[in-house]
Amino acid sequence: MDLHLQGKTAIITGASQGLGRAIAKRLAQEGVELTLAARRLPLLESLSTEIEALGGKKPTLVTVDLYQKDSPQYVADIAKKQMGRIDILINAAGGSRMIEFDAPVEVWDEGILLNFSRLRELTHAVVPGMKEKGYGRIVNLTGSSEPRSINVANAAKAAVHVWSKALSHEFASFGITINCLQPGRIMTEQIAKMYPTPEARQHFIAGNIPAARFGEPDELATLATFLCSPLAAYITGTVIPVDGGMSRFAF
Ligand SMILES: NC(=O)c1ccc[n+]([C@@H]2O[C@H](COP(=O)([O-])OP(=O)(O)OC[C@H]3O[C@@H](n4cnc5c(N)ncnc54)[C@H](OP(=O)(O)O)[C@@H]3O)[C@@H](O)[C@H]2O)c1
């Protein structure tokens, strides 16, 4: 299927590995020019080499720590300068933050900053340009809204769902869509750390995942790529699980 993505441009945060990296490769294969952001430059450089080997355009690499003040605007400015405009934003940087009930406020602030505020700020930095051009695709990688323990990321990502819905109403008539993907357990660096042994993985799978396995990053990347395309123009304000049936509720 031709997704009509040739010549479009995208920013991807959390591109150094995991889900962001998989989406980067898929979009590059569809002819999208990329600005890739993360802290670990060597990983971004190896991704750049892989993308060129796949026939994609050499991406712009931005080494950035999203904890730094003004980092979202920094990423948006570099992307705009290098690519001229931004058609697509993939917000993939983030991570689980399981905590105790009595965790200090700094722990909450850190998790909310990375998993909600920075993502929102970067989105706000690119939306005016998308509005002007009449095309925008924003895909946020969020997570389950069925908490199993106290986790700052659950609260932050639920905030992303609600904020995204509001934004989708505001900008749908300008050709901008905003959607959230909820990974269940997809094998990336953070999931490998959470379930370090085959036994730990099997134990979780047996009790929770009807598909009887963890997912692969590319299984989410293909859906994200479709959502970025002009073909997905009528899909906005959604929260879509990619979890092998792990979520228990239909809504
Ligand atoms: N994999 C899953 O099953 C799963 C489940 C639920 C939710 N999610 C969500 O999906 C998103 C991607 O997950 P993943 O599994 O691919 O995560 P991951 O393997 O931990 O990768 C996270 C990415 O975010 C970047 N990042 C983290 N902190 C950053 C910071 N301060 N500044 C800049 N970049 C930062 C990392 O790059 P550097 O370290 O190089 O900076 C990395 O590229 C996350 O938001 C995660 O919470 C994933």
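In what follows, the structure referred to is the one given above.
Overview of the structure. Computed from a predicted structure; not experimentally measured.

**What about the site of the ligand?**
Right, so step 1: Lining the immediate surroundings of the ligand are 29 residues, of which Ser16, Gln17, Arg39, Ile186 and Thr188 lie closest.
Right, so step 2: At a separation of 3.1 Å, an oxygen atom of the ligand approaches a polar backbone atom of glycine 14.
Right, so step 3: Note that an oxygen atom of the ligand is positioned 3.4 Å from one of the backbone N or O atoms of glycine 184.
Right, so step 4: Going through the elements one at a time, helix 1 (18-29) and helix 6 (189-194) are the ones with two or more residues in the shell around the ligand.

**Describing the sheet that holds strand 5 (residues 136-141)**
Pairing between the strands of a sheet comes from backbone hydrogen bonds, and it takes one of two forms, parallel or antiparallel.
Right, so step 1: Pairing is parallel in the open sheet, where seven strands are placed in the order 3-2-1-4-5-6-7. Lying at the two open borders of the sheet, with one neighbouring strand each, are strand 3 (60-63) and strand 7 (239-242). Strand after strand, the sheet turns through a mean of 15 degrees between neighbouring axes, direction not considered.
Right, so step 2: In this sheet, strand 3 lies alongside strand 2 (residues 33-38) in parallel orientation, the contact comprising four bridges. Counterpart to leucine 36 in the pairing with strand 3 is leucine 61.
Right, so step 3: Where helix 4 (residues 105-133) meets the sheet, it contacts strand 1 (9-13), strand 4 (88-91), strand 5 and strand 6 (176-183), and its direction lies at approximately 170 degrees from that of strand 4.

Calculation criteria
Residues numbered from 1 in each chain as written. Predicted model: local features only at pLDDT ≥ 70, side-chain atom pairs only at ≥ 80, totals over all residues. Heavy atoms only, no water. Near = heavy atom within 4 Å. Polar contact = N/O pair within 3.5 Å; in protein donor to acceptor, adjacent residues only side chain to side chain. Helix = DSSP H or I, 4+ residues; strand = E, 2+ residues; numbered from the N terminus. Pairing = 2+ DSSP bridges. Axes fitted to C-alpha atoms, helices over the stretch in contact; angles between N-to-C directions. Contact = heavy atoms within 4.5 Å.

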